[in-house]
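Coordinate inspection notes
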Amino acid sequence: MEAKNLAELYDIGTLDWQPVAARLTAGVSQAPGTGGPDRHTWWIATINADGSPHVTGIGALWHRDAIWLETGPSTRKARNLARDPRCTLSVALDEADLVVEGDANLVTEPAVVAEMAELWAGDGWPCRVDESGAALTADFSAPSAGPPPWYVYRVTPRRATVLQTVEPGGATLFDFDAQ
């Protein structure tokens, strides 16, 4: 991974990715009173068929060095990702603002879908694997997810920008594909 300091102008050092990854691993709850102004919200930007951006709030988890999300196949974000997997995800943490660029890959392997269902259930959303074994179902989800089944996507970071919001501050661009 290559790191480029975006805060040299202010004589602030390059940030390290490991504390960011550790913070994401600790969890980014969307429950009220858990961060941000009052909570955390992940946002995903996808590309519409006409090339314009589409941005919507989602629930997401950091797991195994990737961002995981779920959505129904009829949603605009799912249709956009099926046509063009490139996307950008962002979240405001208490410690930093984070923007991650990558490709969203549909995951249908039953063992992985079951693993993610357990993680989301442990985070407060009581989902379960549906009869197909390749998607999720639950008694409820966010309206923006559409009706079940909900499919699981893995976004492996290509690049990430971190803007530290606590002292000493800093801003760094991480290129995960750099040789």
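Conventions and cut-offs
- Residues numbered from 1 in each chain as written.
- Predicted model: local features only at pLDDT ≥ 70, side-chain atom pairs only at ≥ 80, totals over all residues.
- Heavy atoms only, no water.
- Salt bridge = Lys/Arg side-chain N within 4 Å of Asp/Glu carboxyl O.
- Helix = DSSP H or I, 4+ residues; strand = E, 2+ residues; numbered from the N terminus.
- Buried < 20%, exposed > 50% of the residue type's maximum accessible area, 1.4 Å probe, protein only.

An unreviewed UniProt entry annotates the protein chain as Pyridoxamine 5'-phosphate oxidase family protein of Gordonia hongkongensis.

Counted under the stated rule, the structure contains six salt bridges. Across the salt bridge formed by R64 and E115, the nearest N and O atoms sit 2.8 Å from each other. One end of the pair, R64, is in the loop between β4 (60-63) and β5 (66-71); the other, E115, is in helix α3 (residues 110-122), and 51 residues separate them in sequence. For E115, a relative accessible area of 28% gives the class partly exposed. A salt bridge links R128 to D139, with the nearest nitrogen and oxygen atoms 3.7 Å apart. With R128 in strand β8 (residues 128-129) and D139 in the loop between β9 (136-137) and β10 (151-164), this pair connects stretches of sequence that are eleven residues apart. Classification of D139 by relative accessible area gives exposed; the value is 71%.

Moving on to unusual backbone geometry. Residue P149 is bonded to the preceding P148 through a cis peptide linkage, with omega at 5°. Secondary-structure assignment places P149 in the loop between β9 and β10. In this chain, E167 is followed by P168 through a cis amide linkage whose omega measures 10°. Positive phi is not limited to glycine here, since R64 has a value of about 50°. The class for R64 is partly exposed, based on a relative accessible area of 44%. With a phi close to 60°, D65 is a non-glycine residue in the positive phi region.

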